[in-house]
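Letter by letter, the chains look like this.
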Amino acid sequence: MTGDSETNPGSENPASGDAHALGLTPGVYAQLKQIARGRLRSYRPGITLDCTALVHEAYLKISAAEPALKGGSQGDHFMAVASMAMRQILVDHARKRQADKRGGGALHVTLQEAQVGSEGPVVDLIALDDALRRLARRDPLLERLVVLRFFAGLSMSQTAEVLGKPLRTTERDWTRARVYLFRDLEPNGA
Amino acid sequence: MAPERKTPLSRDDWARVDAAFSQALDQDEELRETWVRNTWADDPALRDAVLDLLADEARGARFFEAALKARDAVAAEAVADEPGSVDLVGSRIGAWRLASLIATGGMGAVYRAERDDGEYRQTAALKILPGWATDSQSIARLRAERQILSSLQHPQIPRLLDGGRTGDGFPYLVTEFIDGVPVTDFVARNDLSLHERLVLFLDICDAVDYAHRQGIVHRDIKPSNILVDRDGRPHLLDFGIAKLHEAGASPVTMPRTATGFAPMTPEYASPEQRTGGEVGVASDVYQLGLLLFRLLTGERMALPVDAGARPVGGVTRPSTAVLRQSPDRRRLGGLPPSGVARVLRGDLDTIALKALRDDPIDRYRTARALSRDLRHYLAGEAIEARPESAWSLTRRLARRHPVAASLAGALVVVLVIWAVSLSFYARELERQRDEAARQAVRAGEVRDVLVDIFRRSDPLQADAVGGKAASVWASLGAAEEAARERLDEDPEVLAELLDTLSTLQGYAGNRARSLALMEESAALYRALGPGFEGALAENLSERAKWTSSRDLAAAEVLQREAEALLPGLRAHQPVAAAGVLLDLAIIAYDRGDWEQSLAHHDEALALLDGLQDAPWSLRIEATFGSGNALVSLGRLDEAEARLSKALASTRTHFGDGHYRVSGSLAALSHLERGRGNPQAAVHWGEELVAVMERHAGEDSEGLLAARNNLAIAYDAAGRQAEAQAMQRQVVATSRRLAGPEGNRALAVHLKNLASSLHGSGDLEEARRVVLESRDLMETYLPPGSPVQATPWFTLGLVELDSGRVDAAEVAFRTTLSLLEPAVGQEHVQVHVTRCFLAEARRRQGHGGEALTLAQPALAGIQGAQRRYPGYEERCRETMARLQAPVDLTGSGAEREDASSP
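The shown structure was predicted, so the numbers you read here are calculated from the model rather than taken from an experiment. (Residues numbered from 1 in each chain as written. Chains lettered and ligands numbered in written order. Predicted model: local features only at pLDDT ≥ 70, side-chain atom pairs only at ≥ 80, totals over all residues. Heavy atoms only, no water.)

**Things to note about the overall build of chain B**
Point 1. In terms of regular secondary structure, chain B is built from 40 helices and nine strands.
Point 2. By the burial criterion, 51% of the 901 residues in chain B qualify as buried.
Point 3. Accessible surface, chain B as shown: approximately 39,800 Å² in total, 52% of it carbon and sulfur. (Helix = DSSP H or I, 4+ residues; strand = E, 2+ residues; numbered from the N terminus. Buried < 20%, exposed > 50% of the residue type's maximum accessible area, 1.4 Å probe, protein only. Areas by Shrake-Rupley, 256 points an atom, 1.4 Å probe, with all protein chains shown as cover.)

**Examining the confidence of the model for chain A**
All names here are of chain A.
Point 1. Put simply, chain A has an average pLDDT of 63, and 43% of its residues get 70 or more.
Point 2. Ranking the elements of chain A by mean pLDDT puts helix H5 (residues 112-115) last with 28 and helix H9 (residues 167-185) first with 93.
Point 3. Taken together, the stretch residues 1-25 has pLDDT below 50 and engages in 29 contacts with residues farther than four places along the chain or on a different chain.
Point 4. The model gives residues 102-121 a pLDDT under 50, and that stretch makes 18 contacts with residues more than four places away or in other chains. (pLDDT = per-residue confidence, 0-100. Contact = heavy atoms within 4.5 Å.)

**Details of the pattern of salt bridges**
Point 1. Considering all chains together, one arrives at 57 salt bridges over all chains under this definition.
Point 2. In this structure, Arg87 of chain A and Glu143 of chain A form a salt bridge, with 3.0 Å as the shortest nitrogen-oxygen distance. Placement of the pair is Arg87 of chain A in helix H4 (residues 72-101) and Glu143 of chain A in helix H7 (residues 140-151), with a sequence separation of 56 residues.
Point 3. Classification of Arg87 of chain A by relative accessible area gives buried; the value is 2%.
Point 4. For Glu143 of chain A, a relative accessible area of 19% puts it in the buried group.
Point 5. Glu872 of chain B is paired through a salt bridge with Arg876 of chain B; the nearest N and O atoms lie 2.6 Å apart. (Salt bridge = Lys/Arg side-chain N within 4 Å of Asp/Glu carboxyl O.)

**So, the environment of Val183 of chain B**
All names here are of chain B.
Point 1. Mapped onto the elements, Val183 comes out in helix H6 (residues 183-189).
Point 2. Spatially, the C-alpha atoms of Val183 and Arg197 are 9.7 Å apart, while their sequence positions differ by 14 residues.
Point 3. With residues near it in sequence (within four places) discarded, Val183 still touches Leu200, Ile204, Pro223, Ile226, Val228, Leu291 and Leu295.

**Focus: the side chain of Ser521 of chain B**
Residues and elements named next belong to chain B.
Point 1. Tracing the backbone shows Ser521 in helix H23 (residues 511-528).
Point 2. In terms of polar contacts, Ser521 uses its side chain to reach the backbone carbonyl oxygen of Met518, at 3.0 Å.
Point 3. Ignoring anything within four residues of it in the chain, the contact list for Ser521 reads Ala495, Leu498, Asp499 and Asn539. (Polar contact = N/O pair within 3.5 Å; in protein donor to acceptor, adjacent residues only side chain to side chain.)

**Description of the side chain of Arg178 of chain A**
Point 1. Mapped onto the secondary structure, Arg178 of chain A falls in helix H9.
Point 2. The side chain of Arg178 of chain A sits in the buried core without any salt bridge; Glu57 of chain B is the nearest counter-charge, 5.4 Å away. (Lys, Arg positive; Asp, Glu negative; His and termini not counted.)

**Considering the packing of helix H7 (residues 194-213) of chain B against helix H10 (residues 281-297) of chain B**
Residue and element names in this part refer to chain B.
Point 1. In contact at an axis separation of 10 Å, H7 and H10 are set at 165° when each is read in the N-to-C sense. By the angle class used here, H7 and H10 are roughly antiparallel. As for the relative orientation of H7 and H10, their crossing is right-handed in sense. Counted together, Leu194, Arg197, Leu198, Phe201, Ile204, Cys205, Val208 and His212 of H7 and Val281, Asp284, Leu288, Leu291, Leu292, Leu295 and Leu296 of H10 form the full contact between these two elements.
Point 2. A breakdown of the residues in the contact of H7 with H10 according to their chemical character gives 12 nonpolar, one polar and two charged. (Axes fitted to C-alpha atoms, helices over the stretch in contact; angles between N-to-C directions. Parallel < 35°, antiparallel > 145°, perpendicular 65-115°, else oblique. Left-handed = near helix turned anticlockwise from the far one by under 90°. Nonpolar A, V, L, I, M, F, W, Y, C, P; charged D, E, K, R; others polar.)

**Observations regarding the sheet that holds strand E7 (residues 181-182) of chain B**
Point 1. Taken together, three strands build an open sheet; the order of strands is E7-E8-E9 (chain B) and the sheet is antiparallel. A single partner strand is all that each edge strand has here, and the edge strands are E7 and strand E9 (234-236) of chain B. (Pairing = 2+ DSSP bridges.)

**Looking at the confidence of the model for chain B**
Residue and element names in this part refer to chain B.
Point 1. Per-residue confidence for chain B gives a mean pLDDT of 75; residues scoring 70 or more make up 73%.
Point 2. Under a pLDDT of 50 for its full length, residues 1-6 has, in the predicted model, 10 contacts with residues more than four places off or in other chains.
Point 3. Ignoring residues within four places in sequence, the model shows residues 247-264, a span with pLDDT below 50, making 46 contacts including any to other chains.

**Some remarks on the nonpolar core**
Point 1. If you look at the biggest cluster of nonpolar residues, it comprises 52 residues, and the most contacted ones within it are Leu125, Leu128 and Phe150 of chain A.
Point 2. Elements with a minimum of two residues in this core: H4, helix H6 (125-138), H7, helix H8 (156-163) and H9 of chain A together with helix H1 (11-26), helix H3 (44-55) and helix H4 (57-81) of chain B.
Point 3. Those residues within four positions of Phe150 of chain A in sequence are excluded, and the remaining contacts are Leu125, Leu128, Leu145 and Trp174 of chain A together with Phe64, Ala67, Leu68 and Arg71 of chain B.
Point 4. Membership of the second largest hydrophobic core comes to 47 residues, among which are Leu746, Ala766, Leu776 and Phe793 of chain B. (Core = buried A, V, L, I, M, F, W, Y, C linked by side-chain atoms within 4.5 Å.)

**Observations concerning the environment of Ser773 of chain B**
All names here are of chain B.
Point 1. Secondary-structure assignment places Ser773 in helix H35 (residues 763-780).
Point 2. Judged by its relative accessible area of 0%, Ser773 falls in the buried class.
Point 3. For Ser773 and Ala745, which are 28 residues apart along the polypeptide, the C-alpha to C-alpha distance reads 9.8 Å.
Point 4. In this view, Ser773 contacts Ala747, Leu750, Lys751 and Pro791; residues no more than four positions away in its chain are not counted.
Point 5. Within the local environment of Ser773, its side chain forms a polar contact with the backbone oxygen of Ala747, the two atoms lying 2.9 Å apart.

**Some points on the state of the cysteines**
All names here are of chain B.
Point 1. The tally for this structure, following the rule as stated, stands at one disulfide over all chains.
Point 2. The partner cysteine of Cys835 in its disulfide is Cys875, sulfur to sulfur 1.8 Å. A torsion of 85° about the S-S bond marks the disulfide between Cys835 and Cys875 as right-handed. Highlighted residues: Cys835 in helix H38 (residues 828-844) and Cys875 in helix H40 (residues 869-883), separated in sequence by 40 residues. (Disulfide = S-S within 2.5 Å.)

Laid out in structure tokens, this is it:
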């Protein structure tokens, strides 16, 4: 951990501020999340979640209803916002699971299965989310990159396009982000 | 292994380490460590921090692989939160035991089920629909829908056997189990011929049509919903499920249907499904169109979205899509892609596109209408589909959508407009031979569309349409005959139709026939006398434009007659006058009289500006043409303003990616290159190539030229690798098109590749390529053409930089001997060549002569409006060396530069 103090990471909405800045109404944002949930429903264990397809589907559906989002850089903004929604949904779920494990929730489904056999360290998505917020204070661009690349699962070149950066730079920054986040979360090495 | 604990860094330290880390990552991977040690040898703290970070690179990557698993695990949990999709294999639902999971998706999970009530053995498909509301209203609707579904009795629609609700309240449906494979797999595996595919498709259409007549719309027709059994019979699954789903969907768990987000498969959704419009029979027709496209081409129609998932207009013709497939694609039904394209071109294209129209009104009204037209086709009869009706085109125009995104249809559109106007006029004239009424009709919408889009000859459109739909071209003769027969008493309408036909003949490449028709209509206009001066003048000027390239004298006669009519037109028919002026402007431009061309364009613009509702297509043409003339005149700043304006209004009126933007883009790219802004030239050039790739064929001259120019812009922008890759691609295409004999275009492209190779230092290859170019130019260019000089110049550069100074001297002198007689002594290219010649002479030891050559040459280069920074730089270097104190080691030493350290 770095020396930064962290205050109440769960209280702020990582995306809503940006969503407003992009001129998205809260309604559109809610729809976006709803589509994401719908997409999640089609997921089965063993099949990789296709976050890219989700973002594209959401784009198709919402841009039809919200023509202002179409075209050029607006399309990139959309991808960015959709990716933030993905992050929020995933992290919310992770939080909910944590709450349930503490006995607070009524859900009985556990996901031990999905984690059995997974190699390497078990990564806590909430901790990763927190680390990403800390990283954002030093370099907000790295945060956006991680959201696109990791939470939304965009390819390297799609990420570069949305960020408006050359591919090589984006690849380099992805390496930077991974190293910093790894160090933040695993200060003693893996 | 584990590094020591890191002490926290301050924010400033972090920024410093981060910057250094970024720099290190920019180095080649193998060299990084050494590089870091060398670079921060004086700053061990920074050096160690960076090395430490580098050491964590692999661990960071592994960490994120684990993170991905965590991400997917959380996603899986989200799924588990949704009831109804938990794997139920082995459990019993109603009378059924679930044997295996067949498929799962947003619409629920499908299981293979065996009857388990001891009654009799039966295998079925059991589908559990997720996300249902449990209120009584939804349940009632569900029951009603199920009742309707059970009424479907068709051999190719699996029967509904049973249904109900699972223990935890989720509805399920049981249907016949079909043991088959998805239709796309079936046709690929058995390599069905196109004919067999069509027959199979007709079977599917019949099933859909049957359901439609029972009042049931499918809404989700896609390959995975169509299974073909062992007897080759297609079965259409999941009829009405989408609707059912929607009917009972809970607003909490489903995307809100109230806002139009109906459940669907995005890749197979109709436009109205995507936009939340009303979904009905037309939507199924669209999805059948997608399926037809897939069966005919072997691949899914590219959704009308671009790489960034941004929707764009237009649907690719199946025949074009087939040709765009990668060359190593498997043959389809025993045919190579070119053979498939030949079969598809024309009627099958038209049928598929009619099913795939954006606007439901423009599609086949029913699945049966679609299958009927296909049966016409299979029987060798005329099909009913027309690419687009006059009215829908007019509507689209009114909405200012891109006009005729698919220009293959343009011709038939004209024919339809023509037929509509023909019968309309005939009827109208029959009823009342009233001049006023006739004028009103003539001023109507149909005529405007016709005049605006097609009457004005448009080389861009001709290029895109040319050579396609041969069967339709063949029908022009018959159309002409019918027009003469029915309209011989109305010379006015006949003349206009003959004009239209002449335009079409022009598109078809029958220039002579086209001119003959125009001559005939001109005679009619003349006979009609007062009131028809505008039509006559436009006819004359357009004919002059087409004639000028082959018969200058004849063209001048026509032109003079048109010019004589101009004064009267300016006052009374300004639009016609503007049209005439634009033709005259093009003639002047082609003659090289750019001042005159500019003057005509400007006058046309002035006339149009004075009008309330001047046709925007003319205004764009005038703005663009004047910009082009200004470029040729070297008035680049003024040109830029005009061209940008033309580009903006083309985008506004025709749409962003429309073929027509290509003219402005090409001119802007060229202009920016001339102004020494290679980045801007690349920007416009890249857009141009993208537009051409979409609208012109891979082998079109236009695309080749656009790529060539983009490569030159890349070169100028210092992006040599991209320049060269593109140049090589251009040469390869050009070589293929030219055949073993080569041609002039190949010569030019080779020369450009050679320049690029020279720039990147590949001198040996550059030399080989430029020699081939030079030989081809000698064969294919007229003697004395200044273009002949270009390979000599490049050869000179290659020789000079290879240290073969004597050969360089010969090449530069040859360049000058070809250039000077054609362009004069003061042309910037002459100055550039002289300066290089000076450099060659200097290295040969003739410093005095070199100085005499170089001094005025450098001044000439610096005084030119077109910037050549690279050449200027080298010329300055030559001057500097010539003016430097005499090097006592002698000039001869420089020849051995390459071998000395």
